[in-house]
Amino acid sequence: MKINGSLTIYDVKGLRTDLMDLLDDNGTFEVDVGDIIKCDAAGLQLLYSTGKTAVDMGGRLVVSGESEALRQVLQRTGVTLDMIMHQQDGQETKSGNS
Amino acid sequence: MDDLNRFIETYSQEAEELLNEIEETVLEIEECPDNTDAINRLFRAFHTIKGSGAMFGFNEIADFTHHVETILDHVRNGGLPATEELNDLMLKAKDYVEWILACKRKGIPVDSGVGQCIILDLNKLILKYQCYKNESVTHAPSNDTETQEKIPEKTYRICIRPDRGLFANGTDPSLLLDEIRELGECSVTPLFKDIPSLNDLDPEGCYLAWDIILTTQEHVNRIKDIFVFVEDECGVNIDLIDTEDESLDELPAKRLGEILVDRKNIAEDKLKDVLGRKKRIGEMLVESGLTDHQTIESALAEQGQINDVREKRRGERSASCIRVASGKLDTLVDLVGELVTMQARLSRISSTIDNPDLLSVVEEAERLTEELRDNTMSVRMMQIGTTFSKFKRLVRDLSKELGKEIELFTEGAETELDKTVIERLDDPLVHIIRNCIDHGIEPPEVRVAAGKPATGSIRLSARHSGANVLIEIKDDGAGLDRESIYVKAVEKGLLPANADLPDKDIFNCIFVPGFSMAQKVTNISGRGVGMDVVRKSIDALRGTIEIKSVKNQGTSVIIRLPLTLVIIEGLLVEIGQDYFVLPISIVKECVELPREDILRNRGRDIANIRGDVVPYIRLRNEFEIEAEPPEQEQIVVTGANGNRAGFVVDRVIGEHQTVIKNLGKVFSNVKDISGATILGNGKIALIIDTQNLVENRELLEAD
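This report concerns the structure included in the present document. (Residues numbered from 1 in each chain as written. Chains lettered and ligands numbered in written order. Predicted model: local features only at pLDDT ≥ 70, side-chain atom pairs only at ≥ 80, totals over all residues. Heavy atoms only, no water.)

### Remarks on the overall build of chain B
Then, in step 1: Looking only at helices and strands, one finds 22 helices and 21 strands in chain B.
Then, in step 2: In chain B, buried positions account for 42% of the 703 residues.
Then, in step 3: Considering only residue pairs separated by 6 or more positions, chain B has 68% of its internal contacts joining residues 24 or more positions apart.
Then, in step 4: In the structure as shown, chain B presents an accessible area of about 38500 Å², 51% of it carried by carbon and sulfur atoms. (Helix = DSSP H or I, 4+ residues; strand = E, 2+ residues; numbered from the N terminus. Buried < 20%, exposed > 50% of the residue type's maximum accessible area, 1.4 Å probe, protein only. Contact = heavy atoms within 4.5 Å. Areas by Shrake-Rupley, 256 points an atom, 1.4 Å probe, with all protein chains shown as cover.)

### A closer look at the sheet that holds strand β11 (residues 554-562) of chain B
All names here are of chain B.
Then, in step 1: Read across the open sheet, the five strands follow the order β6-β8-β9-β11-β10; overall the sheet is mixed. Of all the strands in the sheet, just β6 (406-411) and β10 (544-550) have a single pairing partner and so form its edges. On average, each strand axis in the sheet is tilted by 15° relative to the strand beside it, whichever way the strands run.
Then, in step 2: One ladder, built from eight bridges, connects strand β9 (residues 468-475) with β11; its direction is antiparallel. If you follow Lys 474 over to β11, its bridge partner there is Ser 556.
Then, in step 3: The sheet contacts of helix α15 (residues 419-440) involve β6, β8 (456-465), β9, β10 and β11, and relative to β9 the element is tilted by about 20°.
Then, in step 4: Relative to the sheet, helix α19 (residues 531-540) contacts β10 and β11, its axis offset from that of β10 by approximately 140°. (Pairing = 2+ DSSP bridges. Axes fitted to C-alpha atoms, helices over the stretch in contact; angles between N-to-C directions.)

### Focus on the interface of chain B and chain A
Then, in step 1: Counting residues at the interface gives 34 residues for chain B, matched by 35 residues for chain A.
Then, in step 2: Of the roughly 3000 Å² buried between chain B and chain A on both sides combined, carbon and sulfur atoms contribute 56%.
Then, in step 3: The largest contributions to the chain B side of the interface with chain A come from Arg 181, Phe 192 and Leu 198 of chain B, which together make up 25% of the buried area.
Then, in step 4: Between the two partners, chain B and chain A, sit one salt bridge.
Then, in step 5: Measuring nitrogen to oxygen at the nearest pair gives 2.8 Å for the salt bridge that ties Asp 178 of chain B to Arg 76 of chain A. (Buried area = accessible area lost by both parts, 1.4 Å probe. Salt bridge = Lys/Arg side-chain N within 4 Å of Asp/Glu carboxyl O.)

### Brief notes about the packing of helix α1 (residues 12-22) of chain A against helix α2 (residues 41-56) of chain A
All names here are of chain A.
Then, in step 1: Contact geometry of α1 with α2 gives a least axis separation of 10 Å together with a crossing angle of 15°. Put simply, α1 runs roughly parallel to α2. Note on packing geometry: the crossing formed by α1 with α2 is right-handed. Seen from α1, the contacting residues are Val 12, Leu 15, Arg 16 and Leu 19; seen from α2, they are Ala 42, Gly 43, Leu 46 and Thr 50.
Then, in step 2: Looking at the contact of α1 with α2, its residues break down into five nonpolar, two polar and one charged. (Parallel < 35°, antiparallel > 145°, perpendicular 65-115°, else oblique. Left-handed = near helix turned anticlockwise from the far one by under 90°. Nonpolar A, V, L, I, M, F, W, Y, C, P; charged D, E, K, R; others polar.)

### Observations concerning the environment of His 431 of chain B
All names here are of chain B.
Then, in step 1: By secondary structure assignment, the location of His 431 is in helix α15.
Then, in step 2: For His 431, a relative accessible area of 29% translates into the label partly exposed.
Then, in step 3: Considered as a pair, His 431 and Met 531 are 100 residues apart in the sequence and their alpha carbons are 7.4 Å apart.

### Some details on a nonpolar patch on the surface
Then, in step 1: The grouping of Ile 349, Ile 353 and Leu 358 of chain B at the surface amounts to a nonpolar patch, some 240 Å² of accessible area in total.
Then, in step 2: Inspection of the secondary structure puts Ile 353 of chain B in the loop between α12 (326-352) and α13 (356-379). (Patch = residues over 30% accessible without salt bridge, like charges linked within 9 Å, V, L, I, M, F, W, Y side chains within 5 Å.)

### Things to note about the sheet that holds strand β13 (residues 578-583) of chain B
Residue and element names in this part refer to chain B.
Then, in step 1: Taken in spatial order, the five strands make up an open sheet running β19-β12-β13-β21-β20, and their pairing is mixed. Either end of the sheet is taken by a strand with one partner, and the two such strands are β19 (651-659) and β20 (673-678). Shown here is a sheet whose adjacent strand axes are inclined to one another by a mean of 35°, direction ignored.
Then, in step 2: In the sheet, β20 pairs with strand β21 (residues 684-688) via five bridges, with the strands oriented antiparallel. Bridge pairing in β21 links Ile 673 to Ile 688.

### Focus on a positive patch on the surface
Residues and elements named next belong to chain B.
Then, in step 1: Taken together, the side chains of Arg 463, Lys 504, Lys 548, Arg 560 and Lys 588 make up a positively charged region of the molecular surface.
Then, in step 2: Topologically, Lys 588 is positioned in strand β14 (residues 587-593).
Then, in step 3: Here Lys 588 falls in the exposed class, since its relative accessible area comes to 54%. (Lys, Arg positive; Asp, Glu negative; His and termini not counted. Charge placed at Lys NZ, Arg CZ, Asp CG, Glu CD.)

### What about the environment of Glu 30 of chain B?
Residue and element names in this part refer to chain B.
Then, in step 1: Of note, Glu 30 is situated in helix α1 (residues 2-31).
Then, in step 2: Residue Glu 30 is classed as partly exposed on the basis of its relative accessible area, which comes to 29%.
Then, in step 3: In this structure the C-alpha to C-alpha distance between Glu 30 and Leu 86, which are 56 residues apart in sequence, comes to 9.6 Å.
Then, in step 4: Among residues more than four places away in sequence, those in contact with Glu 30 are Glu 84, Asn 87 and Arg 396.
Then, in step 5: In this structure the side chain of Glu 30 is engaged in a polar contact, spanning 2.9 Å, whose partner is the side chain of Arg 396. (Polar contact = N/O pair within 3.5 Å; in protein donor to acceptor, adjacent residues only side chain to side chain.)

### Quick word on the side chain of Ser 67 of chain A
Then, in step 1: For Ser 67 of chain A, the position within the fold is in the loop between β4 (61-64) and α3 (68-77).
Then, in step 2: Discounting residues that sit within four places of it in the chain, Ser 67 of chain A has contacts with Val 33, Gly 34 and Ile 36 of chain A.

Here's what the structure looks like:
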């Protein structure tokens with residue numbers, strides 16, 4: 001599934017429904033984030049929940065594509081794509097005094 | 001678009017409250033520049049405005065307040081003194097933010113010129129302060145190196161545990177994290193364990209949490225400030241875990257479990273797990289001889305207690321206030337009014353049906369209705385203090401402008417009045433206080449010459465007096481010039497010449513339109529429009545206004561207002577088949593008017609009541625009621641603003657709790673009736689605007 005444009009608090013409700021429809025079968029699927037131009041913590045949370053659901057069902061989530069907006073939110077919230085895909089809790093990420 | 005408007009509205013409301021707080025706080029600081037509590041409050045208020053401003057897209061406000069915050073930070077850290085110059089700028093800053101909000105609401109583009117000027121002035125102030133500081137440092141003896149020593153770094157553990165509603169509230173936690181990062185070196189650890197799978201996920205609820213380790217030179221208050229505007233939606237725990245400073249005495253000693261966690265000997269959740277089964281950790285610790293049972297119990301009790309207290313406080317904070325649109329309140333009051341009327345009808349009907357079961361139920365319903373009515377009315381009540389605090393600013397600015405020294409004292413700020421009354425009281429009070437400042441209080445040199453203290457005082461007080469509230473504005477200025485007013489009044493044909501009149505009659509002249517005693521018209525007052533407008537506004541609130549003045553000692557203006565405009569205590573009277581209500585607050589007495597008295601007066605509408613001459617109006621004639629008058633009519637004598645007038649009616653029925661209903665647009669030009677009410681028997685009674693009726697009659701007779 002490709003997420004277009006925005007992955008924010010305003011979109012998560014609709015996207016959750018879309019994602020749940022896709023998750024029906026084996027739990028493994030791919031989300032293409034390449035076209036995301038807006039993203040916030042609520043969006044990340046949805047991605048994480050999707051990953052968790054996939055793992056619970058015995059499958060996994062693959063995030064593909066690169067998005068500057070997503071990268072920034074990840075960096076600001078201390079989250080990595082690894083955490084989302086492999087469902088680990090946080091690891092310390094250093095961020096210096098800028 | 002609707003959403004946007006809602007955001008603007010919510011933000012504006014919040015910001016307005018904060019701006020009021022800012023104004024009050026600045027004035028507080030002005031009185032006591034060392035009040036660190038007030039300075040912190042000021043900082044937090046601007047910080048909240050900035051934070052939520054950025055969140056709701058009010059970038060002009062966020063950018064501007066950022067500068068204000070910077071300078072306040074200097075003040076807070078004890079360097080920059082809270083001078084008059086600074087206070088002036090703070091008030092200007094407050095006004096500017098208020099103006100931006102007004103522009104946003106009206107959809108007008110914001111001109112940032114004013115803001116730039118304020119920022120420039122603020123920067124100058126910082127620069128001045130820094131020059132001064134550098135000077136004092138270079139002049140300081142060379143052995144005083146401690147002041148230049150590096151500020152010690154401290155490391156904090158910040159645990160952020162947002163509530164579910166954080167996102168819905170418009171908060172983006174990444175902004176909070178950004179702000180923390182600005183303070184120093186930090187590591188951010190996101191916690192996902194609460195995020196459920198898609199099935200159980202409320203996508204708009206916040207399940208994320210963070211643990212942050214921050215090493216910074218900033219004071220812990222700087223960290224706390226970041227969370228000021230989300231403190232209700234976000235649990236935040238800040239612990240000092242490491243410091244370069246040797247003096248750790250002021251900190252509570254670390255508990256064993258924490259030390260173990262800090263040393264990474266055991267994982268935090270493991271420790272929590274064990275702590276949950278307190279018996280085992282107690283045993284373990286006791287076994288290893290580190291501590292005893294009691295210490296463990298006590299530590300747990302302390303933790304529990306603190307949590308409980310915090311929880312309770314948080315609960316109280318969120319439950320203590322809710323925002324309700326005033327329109328909803330008006331509807332509620334309206335409905336309760338209807339209910340009270342219906343209840344009266346029900347009581348009346350039930351009293352004719354002799355059924356004990358029904359009677360007891362109706363009585364109970366009556367009690368509940370009364371309670372509901374009183375409660376609903378109290379919801380509309382607001383403390384007058386909010387209005388009072390606005391005047392502090394007015395007095396401060398005007399006295400400065402006029403080169404006078406004036407202090408404002410307020411009393412009874414907690415007195416409650418109906419919301420509408422308070423709102424409509426604003427303008428009249430401003431007028432009166434302006435008059436006090438401009439004409440009342442003399443310049444310092446004149447005061448000193450007259451043997452008074454150089455600083456004049458204005459006392460603003462409010463207190464309850466029965467179903468009324470008395471508001472008094474009292475100054476210790478020059479007082480009204482009785483003679484000059486009298487001369488002017490005679491000149492204008494308002495009063496007869498050479499008459500010995502009471503002060504009241506003479507002072508009342510200043511309420512006449514166009515009557516001004518000011519020798520020069522200033523931009524503050526003196527145009528002769530003002531006191532008559534004041535009088536009109538107070539009349540419209542069904543209140544009265546009175547002036548007392550002693551030359552060279554001061555003037556006091558006393559305003560008497562009803563507690564509420566929705567329900568009045570009325571006197572119910574009957575003429576023919578019709579009912580009328582007169583406000584009981586102005587009724588002085590009711591006496592019988594024998595027919596022979598009318599004849600004796602030969603049709604002139606004047607009654608002789610115990611030797612006093614009282615002019616009266618026959619309501620029967622006024623409202624053209626054709627029914628035959630009874631043998632014995634009654635006269636209701638009223639007195640307001642010193643004028644006595646009688647109203648002749650057929651029968652006085654008695655007191656009546658009157659729920660006022662507007663007559664509606666169709667009858668908006670009916671002058672002598674101020675409203676209507678529905679009686680227990682379903683009939684309508686008109687509420688008479690006695691003041692208007694008397695004035696109209698006087699005008700007619702004058703013609």
